[in-house]
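Survey of secondary and tertiary structure
One-letter residues, chain by chain:
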Amino acid sequence: MLSRTASNLYWMGRNLERAETAARLLDVGQRITLLPNTELGYQNEWNSLLQASGTSDLFRQKYGEITQEKIEEFIFFDHDNPSSVASCLERAREAGRIVRTALTSQVWDALNVAYQELRKIERQPRAKLDTAGLTDFTTGHTSTVRGAINATQLRNDGWHFMNLGYSIERADATARLLDVKYFVLLPRIEFVGSGLDSYQWQVILRALSAHRAYHWAYGGDITAAQVADFLILNGESPRALITSLYEAVWHLEGLARRYGDSVPTEARDKAREVLAALESRNIEMIFDEGLHEFLSWFIREMAAISNLVHQDYLMGGV
């Protein structure tokens, strides 16, 4: 496979997952603003999401003061924001168009319909749109594309590249959403263990569509340790860091077997290393280390894996 084709398939997967993450961030902010918890109220909550997505400076340069309307415009519609839903869906569709012959008709149709429906939404008056509807639109269409990929694509190297993009992006996104909660949304230590603390953990679970799955795994009580364990170390949780890493390693192993000695395997080796480091921890060790510090380490490691994927596979003939 040409590296250009591999790159477009990989980034198609990443951008679809990134669009869903942006929509979920929007949902987190909207839910948490229902219960302001600082002197600055909702502005603190929205600013925390901008910090998590790394777009705080870009937002302030363009929009200045934070309001919910401006945040929704920036996170969902703004094409100047490379992490917005609109930007990510447009790039995913363009990547799919470039490698159209590598996609089944079902995958292309699902991708193209998502883009065309987005164009219709962009033409609607913003006052007629609501945050929940925008989130449902995004998660619905990205799930349809993902389903078409896994139901119809040949399990070849192209399939591995698409799903590798998904898994790396999902690991990074879950870590960032967790970091929003623990490091940014609780500005004072007395909130830890309070009703507000429990409410915010519930918001994270619901934003990740993981609320019911969490209760299946842990029962009724929602605690910081159990939610963190579910989203970091529980291999049965589909969005857990360890699950996403398992999948990334599996797809990198598949590519290594397919290409043999013709390409380096630094990305696979690095992913194995990070997975082993994750498997050696339990949630008590992570909390002793500091959840924010652990998540910052993990985000850096995922960035390193991503860079090695680019180096191993996307710079030359694969």
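Residues numbered from 1 in each chain as written. Predicted model: local features only at pLDDT ≥ 70, side-chain atom pairs only at ≥ 80, totals over all residues. Heavy atoms only, no water.

Right, let's get into unusual backbone geometry. Even without glycine at this site, S209 takes up a positive phi of about 55°. Considering the arrangement of structural elements, one finds S209 in the loop between helix 9 (195-207) and helix 10 (211-218). (Helix = DSSP H or I, 4+ residues; strand = E, 2+ residues; numbered from the N terminus.)

Moving on: the packing of aromatic side chains. Under the defined criterion, the tally for this structure stands at 15 aromatic pairs. Taking the centre distance of 6.0 Å and the plane angle of 90° together, the rings of W159 and W250 count as edge-to-face. Within this pair, whereas W159 is found in helix 8 (residues 157-184), its partner W250 is found in helix 12 (residues 241-259), the two being separated by 91 residues in sequence. Note on Y259 and Y313: the rings are 6.2 Å apart at their centroids and 45° apart in plane angle, and the pair reads as tilted. With Y259 in helix 12 and Y313 in helix 15 (residues 291-313), this residue pair connects regions lying 54 residues apart in the sequence. Classification of Y259 as buried rests on a relative accessible area of 12%. Put simply, the rings of F59, Y63 and F74 touch in pairs and so form one group of aromatic residues. When the ring centre of F77 is taken as origin, the NZ or CZ atom of R126, which lies over that ring, is 3.7 Å away. (Phe/Tyr/Trp six-rings, centres within 6.5 Å; stacked < 30°, edge-to-face > 60°. Buried < 20%, exposed > 50% of the residue type's maximum accessible area, 1.4 Å probe, protein only. Lys NZ or Arg CZ within 6 Å of the ring centre and 35° of its normal.)

Within the element layout of this structure, T55 appears in the loop between helix 2 (42-53) and helix 3 (56-63). Each residue touching T55, except ones within four places of it in the same chain, is listed here: L50, F74, N81 and S83. (Contact = heavy atoms within 4.5 Å.)

Formed by 99 residues in total, the largest nonpolar core has its most connected members in M12, I232 and F298. Beyond its immediate chain neighbours, meaning those up to four positions away, F298 contacts A171, A175, L241, L245, V274 and L278. (Core = buried A, V, L, I, M, F, W, Y, C linked by side-chain atoms within 4.5 Å.)

For the rest of this paragraph, the subject is helix 6 (residues 105-122). For helix 6, which comprises 18 residues, the first-to-last C-alpha distance of 26 Å matches the rise-based estimate of 26 Å (1.5 Å per residue) to within 8%. For helix 6, the full list of buried residues reads V107, W108, A110, L111, A114, Y115, L118, I121 and E122. Viewed end-on, helix 6 has its buried residues packed into an arc of 165°, placing them on one side of the element. (Expected span 1.5 Å × (residues − 1). Arc of directions from axis to C-beta.)

Here we take up the layout of surface pockets. Considering only enclosed or pocket space, the largest pocket measures out at about 350 Å³ in volume. Considering the residues around the largest pocket, the lining is formed by 22 residues, among which R18, S53, E169, D172 and R176 are closest to the centre. Those elements giving two or more residues to the lining of the largest pocket turn out to be helix 1 (3-32), helix 2, helix 8 and helix 15. It is helix 8 that provides the largest number of residues to the lining of the largest pocket, a total of six residues. Across the lining of the largest pocket, the residue classes tally to ten nonpolar, seven polar and five charged. Of the voids in this model, the second largest pocket is the one considered here, and its volume is about 200 Å³. (1 Å grid on protein atoms, 1.4 Å probe; cavity = no way out; pocket = protein on both sides within 12 Å on 5 of 7 lines; lining within 4 Å. Points joined across faces, edges and corners; volume = space filled by probe spheres on them. Nonpolar A, V, L, I, M, F, W, Y, C, P; charged D, E, K, R; others polar.)

On to the pattern of salt bridges, then. Applying the stated criterion across every chain, the model contains 18 salt bridges. The partner of E17 in a salt bridge is R170, and the shortest N-O contact between them spans 3.1 Å. Of this pair, E17 sits in helix 1 while R170 sits in helix 8; the two residues are 153 residues apart in sequence, bridging distant segments of the chain. Judged by its relative accessible area of 0%, E17 falls in the buried class. One connected set of salt bridges, linked through shared partners, spans E17, E20, R24, R170 and R239. (Salt bridge = Lys/Arg side-chain N within 4 Å of Asp/Glu carboxyl O.)

Turning to the packing of helix 3 against helix 4 (residues 68-77), a few remarks are in order. Taken N-terminus to C-terminus, the directions of helix 3 and helix 4 make an angle of 120°; their axes are 11 Å apart at the nearest point. With respect to their mutual orientation, helix 3 and helix 4 come out oblique. Note on packing geometry: the crossing formed by helix 3 with helix 4 is right-handed. Contacts between helix 3 and helix 4 involve L58, F59 and Y63 from the first element and K70, I71, E73 and F74 from the second. In the contact of helix 3 with helix 4, the residues fall into five nonpolar, no polar and two charged. (Axes fitted to C-alpha atoms, helices over the stretch in contact; angles between N-to-C directions. Parallel < 35°, antiparallel > 145°, perpendicular 65-115°, else oblique. Left-handed = near helix turned anticlockwise from the far one by under 90°.)

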